[in-house]
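# Fold and contact review
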Amino acid sequence: MLTLLDSVVPALAPTPLRAIVVGAAGAIAAPAAADQLARELLERTPARAAVVTSDAITSHVGALGAEPGVALVVGTGAVAVALDERGRLAVEDGGGPVTGDLGSGAWIGAEALRRAEAGAQPLAALARARFGDDWHDLAADAGSYELARRRGTFVPDVARSAREETRCRAR
């Protein structure tokens, strides 16, 4: 990310930067790392302020500004962010691929792979077509964000299979 920043900041010169805001997955869970990144941003750029917060928070602000409402942010991960009229913030899930992100792409992919592992067809055939013969490794290992991203790539296959099954049942 800092390399990307190093390439874009000079393009803005001589425009002064009032602030740099970063929405980073996991920033709420790792506030010390978020603070360190904010300090690095201030050292490496001419910005007067730097804020590093959760990508869920920046999504809420981007969608709703400072207004009350709920933003449901779903992709590889999943989190809901709500702000009420009194300024109270609630964040639900966003726990990552091991402990949360229910309903996310990674979660759907992992659930489909578990069912394929248990013998569900055509999910096993789709998993083999998408990931090759080592697809069982993706079903067994829960932990990394890279695996979560790879599991999320299975969602279009799962959705297509579900649509086809629904059409067959409707006949």
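Quick look at the structure, then. (Residues numbered from 1 in each chain as written. Predicted model: local features only at pLDDT ≥ 70, side-chain atom pairs only at ≥ 80, totals over all residues. Heavy atoms only, no water.)

## As for the nonpolar core
Quick reminder of the rule: Among the buried residues, those of types Ala, Val, Leu, Ile, Met, Phe, Trp, Tyr and Cys that are joined through side-chain atoms within 4.5 Å form a nonpolar core. Each residue is placed in one exposure class: buried if its accessible area under a 1.4 Å probe, protein chains only, is under 20% of its type's maximum, exposed if it is over 50%, and partly exposed if it falls in between. Elements are defined by DSSP. Helices are runs of H or I of four residues or more, strands are runs of E of two residues or more, and each kind is numbered from the N terminus. In this analysis, two residues are considered to be in contact whenever any of their non-hydrogen atoms come within 4.5 Å of each other.
The biggest cluster of nonpolar side chains holds 14 residues, and the ones touching the most others in it are Leu 5, Ile 20, Val 22, Leu 37, Leu 41 and Val 52. Listing elements by their share of this core, those giving two or more residues are α1 (2-12), β1 (19-23), α2 (31-44) and β2 (49-53). With four residues, the single largest contributor to this core is α2. Beyond its immediate stretch of four places on either side in the chain, Val 52 contacts Val 22, Ala 24, Ala 27, Ala 34, Leu 37, Ala 38 and Leu 41.

## Details of the environment of Val 61
Residue placement: Val 61 occurs in helix α3 (residues 55-64). C-alpha separation for the pair Val 61 and Ala 71, spaced 10 residues apart in sequence, amounts to 8.9 Å.

## Focus: the pairing of strand β5 (residues 89-93)
Side chains on a regular strand alternate between the two faces of the sheet. In plain terms, the rule: Paired strands are those between which DSSP finds at least two bridges.
Sheet analysis places strand β4 (residues 78-83) next to β5, joined by five bridges and oriented antiparallel. From the neighbouring strand, Leu 83 faces β5, where its bridge partner is Leu 89. Where β4 folds back on β5, the antiparallel hairpin that results is connected by five residues, among which Gly 87 adopts a positive phi of roughly 85°.

## Observations concerning the pattern of salt bridges
The condition that has to hold: The working definition used for a salt bridge is a side-chain nitrogen of Lys or Arg within 4 Å of a carboxyl oxygen of Asp or Glu.
Per the counting criterion, the structure on display carries six salt bridges. The salt bridge partner of Arg 88 is Asp 84, with a shortest N-O separation of 2.6 Å. Residue Arg 128 is joined to Asp 133 by a salt bridge in which the shortest nitrogen-to-oxygen separation is 3.4 Å. On the basis of relative accessibility, which here comes to 65%, the residue Asp 133 falls in the exposed class. Each member of the salt-bridge network shares a partner with another, and the members are Arg 130, Asp 157 and Arg 160.

## As for the pairing of β1
To keep things clear, this is the line we draw: Clockwise travel from the first strand over the helix to the second, with the strands pointing away from the viewer, marks a crossover as right-handed.
Burial of β1 is one-sided: the residues Ile 20 and Val 22 facing one way are buried, the residues Ala 19, Val 21 and Gly 23 facing the other way are not. Here β1 pairs with β2 via five bridges, running parallel. Bridging across to β2, Ile 20 finds its partner in Ala 50. Note on the crossover from β1 through α2 to β2: the handedness is right-handed.

## Some words on the sheet that holds β5
The test is simple: For helices, the fitted axis covers only the stretch in contact; all axes are lines through C-alpha atoms, and the angles between them, taken along N-to-C directions, range from 0 to 180 degrees.
Taken in spatial order, the three strands line up as β3-β4-β5 in an open sheet, and their pairing is antiparallel. Sheet topology places β3 (69-74) and β5 at the edges, where each strand pairs with a single neighbour. For this sheet the average axis-to-axis angle between neighbouring strands, irrespective of direction, equals 15°. This element, α3, spans β3, β4 and β5 of the sheet and lies at about 125° to β3.

These figures capture arrangement, not role.
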